[in-house]
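Here's the letter readout for the chains.
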Amino acid sequence: MSSRSSVTSVGVTTSAVVSPAKTNYHGYSFYNSGGTAAVVTIYDNASAASGTILDVVVVPAAGSVNAYYSVEDNTGGIRAANGIYFSTSATIQGSVRLS
C-alpha cells in the first residue's frame, strides 16, 4: 500500500490560504491556459504571501508542471509550521498536496 493515501490535494486557482494550520507540503500540480507564464510561490504562512518560501514554480504559458515530495522517502514532505499560503501571478488550475 502506498503512503500517498494520507496526502490530500487542495484545489487552487488564485492566491489564497491553502491550510490555516501547520501541515506537511508534498508538492503541486498546475496548469496554465494563459498566454504568459505564471509564477507560483508557496509560503509557510497561514494568512498572507509572506514569510518562509517553501517553493517557487514557473508555470509556462499553455503548459503544466507537477512535483511530488514523497512521504515514502521518510522526509514526510516539507514541514510548514504556520500553514500554507498559495500566491500566483495569474489565474491557473491545479492543486497543492498536503498531509
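For every chain, the first residue of the written sequence is number 1, and numbering continues from 1 along that sequence. Thresholds applied to this predicted model are a pLDDT of at least 70 for local features of residues and 80 or more for the giving and counting of side-chain atom pairs; totals over whole chains, interfaces and linings are not thresholded and use all residues. To get the side-chain values, take all heavy atoms of the structure and skip hydrogens and water.

Engineer: How should I be thinking about the overall build of the protein in this particular structure?
Structural biologist: Counting secondary structure elements, the protein contains 0 helices and 9 strands. The linear arrangement of helices and strands in the protein, starting from the amino end, is β-β-β-β-β-β-β-β-β. Relative accessibility decides the category of a residue: with a 1.4 Å probe and only protein chains considered, values under 20% of the type maximum give buried, values over 50% give exposed, and everything between is partly exposed. Taken over 99 residues, the protein has a buried fraction of 42%. Taking as baseline every contact in the protein between residues at least 6 positions apart, the subset at least 24 positions apart corresponds to 80%. Accessible surface computed for the protein: about 5000 Å², of which carbon and sulfur atoms make up 49%. In this text, helices come from DSSP runs of H or I with a minimum length of four residues, and strands from runs of E with a minimum of two, each type numbered from the N-terminal end. Pairs of residues are marked as contacts when any of their non-hydrogen atoms sit within 4.5 Å. The Shrake-Rupley method, run with a 1.4 Å probe sphere, supplies the accessible areas, and residue values consider only the shown protein chains as cover.

Engineer: Could you clarify how one ought to interpret the sheet that holds strand β8 (residues 84-88) in this entry?
Structural biologist: Two strands are said to pair when DSSP picks up at least two bridges between them. The sheet built from 4 strands is open, its strands ordered β2-β8-β4-β5 with antiparallel pairing. On the outer flanks of this sheet lie β2 (16-19) and β5 (52-59), each paired with one strand and no other. Each strand of the sheet is rotated relative to its neighbour by a mean of 25 degrees, with strand direction disregarded. Angles here are taken between N-to-C directions and fall from 0 to 180 degrees, while the axes themselves are lines fitted to C-alpha atoms, restricted in helices to the stretch in contact.

Engineer: Even after reading the chapter, I still don't get the nonpolar core, so can you show me in this structure?
Structural biologist: Within soluble globular proteins, side chains that are nonpolar generally end up buried alongside one another. The term nonpolar core refers to a set of buried residues drawn from Ala, Val, Leu, Ile, Met, Phe, Trp, Tyr and Cys, joined through side-chain atoms within 4.5 Å. Counting residues in hydrophobic clusters, the biggest one holds 19 residues, and the most contacted among them are F30, V40, I42, I84, F86 and V96. Counting only elements with at least two residues in this core, the list comes to β3 (23-32), β4 (38-44), β5, β6 (63-68), β8 and β9 (93-98). Among residues more than four places away in sequence, those in contact with V40 are F30, D55, V56, V57, V59, F86, S87, T88 and I92.

Engineer: I tried to follow the pairing of β3 on my own but got confused; where do I start?
Structural biologist: Along any regular strand the residues' side chains alternate between the sheet's two faces. Of all 10 residues that make up β3, 8 are buried, and the element is covered over most of its length. In this structure, β3 lies alongside β9, joined through 6 bridges in antiparallel fashion. Paired with Y25 across the strands is L98, a residue of β9. Across 6 bridges, β3 lies against β6 in antiparallel orientation. Along β6, the bridge assignment pairs F30 with V65.

Engineer: Mind showing me how you'd approach the side chain of T88 here?
Structural biologist: Here T88 lies in strand β8. When near neighbours in sequence (up to four residues on either side) are disregarded, T88 contacts T13, T14, S15, A38, V39 and V40.

Engineer: What exactly am I supposed to notice about unusual backbone geometry here?
Structural biologist: Keep in mind that most residues, glycine aside, have a negative phi and that most peptide bonds are trans. Look at A62: it is not a glycine, yet its phi comes out positive at around 50 degrees. Within the secondary structure, A62 sits in the loop between β5 and β6.

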